[in-house]
Amino acid sequence: DAKTTQPTSMDCAEGRAANLPCNHSTISGNEYVYWYRQIHSQGPQYIIHGLKNNETNEMASLIITEDRKSSTLILPHATLRDTAVYYCIVRGGTYKYIFGTGTRLKVLA
Amino acid sequence: EAQVTQNPRYLITVTGKKLTVTCSQNMNHEYMSWYRQDPGLGLRQIYYSMNVEVTDKGDVPEGYKVSRKEKRNFPLILESPSPNQTSLYFCASGISKNTEAFFGQGTRLTVV
């Protein structure tokens with residue numbers, strides 16, 4: 001599975017969009033991009049995933065560049081409850097999730 | 001409610017005393033897995049199971065055992081716990097290897 005690179009931490013003002021970047025330059029054609037978040041020490045929570053097209057659900061949007069070497073998770077209107085560690089994971093039909101250190105997002109009031 | 005349930009949530013035990021952490025899912029998922037999370041190391045996979053009676057090692061299987069006798073249950077067994085197994089443990093399940101996984105709320109284990 002491809003390795004991902006994320007910023008260590010980010011701040012975002014409450015009510016504004018939070019844009020979390022992820023680089024995955026070694027991604028291969030059959031690998032998906034998944035995003036999870038972990039609030040405090042709770043179990044990781046699935047957010048969204050995609051292959052090459054942009055995806056949107058009730059929680060977030062996922063924008064994947066045309067060359068698929070990077071992606072951005074967008075939380076359109078961040079709230080204090082979105083403060084968490086966000087993990088970008090690339091996996092291609094295996095049973096393994098490789099969690100890196102993620103991005104610690106702090107939403108500021 | 002669809003969920004992955006782990007028990008206990010917190011456990012303090014002594015070195016060498018066998019223990020089992022249970023994991024149960026009510027979503028009829030084929031795939032189940034165990035992870036441990038340690039500061040600075042992220043989540044690391046211990047064991048996983050693709051279906052009943054089918055299990056395989058993850059990245060850090062030493063000192064752990066698992067079994068998958070029923071589809072819904074995937075217990076993690078520590079035959080002789082040691083202090084280096086003090087960690088936060090998560091169980092996860094998924095429909096298949098190509099879909100998202102759902103995680104339990106975690107078990108914080110301390111071995112003294």
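In what follows, the accompanying structure is described. (Residues numbered from 1 in each chain as written. Chains lettered and ligands numbered in written order. Predicted model: local features only at pLDDT ≥ 70, side-chain atom pairs only at ≥ 80, totals over all residues. Heavy atoms only, no water.)

Moving on, we get to the packing of aromatic side chains. On inspection of all chains with the given rule, the structure shows 13 aromatic pairs over all chains. Taken together, a centroid distance of 5.8 Å and an interplanar angle of 80 degrees make the contact between Tyr36 of chain A and Phe103 of chain B edge-to-face. Placement of the pair is Tyr36 of chain A in strand S3 (residues 32-38) and Phe103 of chain B in strand S10 (residues 101-103), with the two residues belonging to separate chains. A ring pair is formed by Tyr64 of chain B and Tyr89 of chain B, whose centres lie 5.9 Å apart and whose planes are at 65 degrees; its orientation type is edge-to-face. Here the residue Tyr64 of chain B occupies a position in the loop between strand S6 (54-57) and strand S7 (65-66), and Tyr89 of chain B occupies one in strand S9 (residues 87-94), the gap between them amounting to 25 residues. The class of Tyr64 of chain B is buried, set by a relative accessible area of 4%. On the basis of relative accessible area, Tyr89 of chain B is assigned to the buried category, the value being 1%. Cluster of aromatic residues (ring-pair linked, three or more members): Tyr32, Tyr34, Tyr36, Tyr46, Tyr87, Tyr97 and Phe99 of chain A together with Tyr35 and Phe103 of chain B. When the ring centre of Tyr34 of chain A is taken as origin, the NZ or CZ atom of Arg91 of chain A, which lies over that ring, is 5.1 Å away. Sitting over the ring of Tyr97 of chain A, Arg91 of chain A keeps its end group 4.1 Å from the ring centre. (Phe/Tyr/Trp six-rings, centres within 6.5 Å; stacked < 30°, edge-to-face > 60°. Helix = DSSP H or I, 4+ residues; strand = E, 2+ residues; numbered from the N terminus. Buried < 20%, exposed > 50% of the residue type's maximum accessible area, 1.4 Å probe, protein only. Lys NZ or Arg CZ within 6 Å of the ring centre and 35° of its normal.)

Opposite the 20 residues of chain B that make contact, chain A presents 18 residues. The tally of links between chain B and chain A comes to zero salt bridges. In this structure, the connection of chain B to chain A is made through seven residue pairs in polar contact (both at pLDDT 80 or more). Listed by contribution, the elements that provide at least two residues to the side of chain B that touches chain A are strand S4 (31-38), strand S5 (42-51), S9 and S10 of chain B. Ranked by the residues each element gives to the side of chain B that touches chain A, the list is headed by S5 of chain B, at five residues. Split into classes, the residues belonging to the side of chain B that touches chain A amount to nine nonpolar, seven polar and four charged. (Contact = heavy atoms within 4.5 Å. Salt bridge = Lys/Arg side-chain N within 4 Å of Asp/Glu carboxyl O. Polar contact = N/O pair within 3.5 Å; in protein donor to acceptor, adjacent residues only side chain to side chain. Nonpolar A, V, L, I, M, F, W, Y, C, P; charged D, E, K, R; others polar.)

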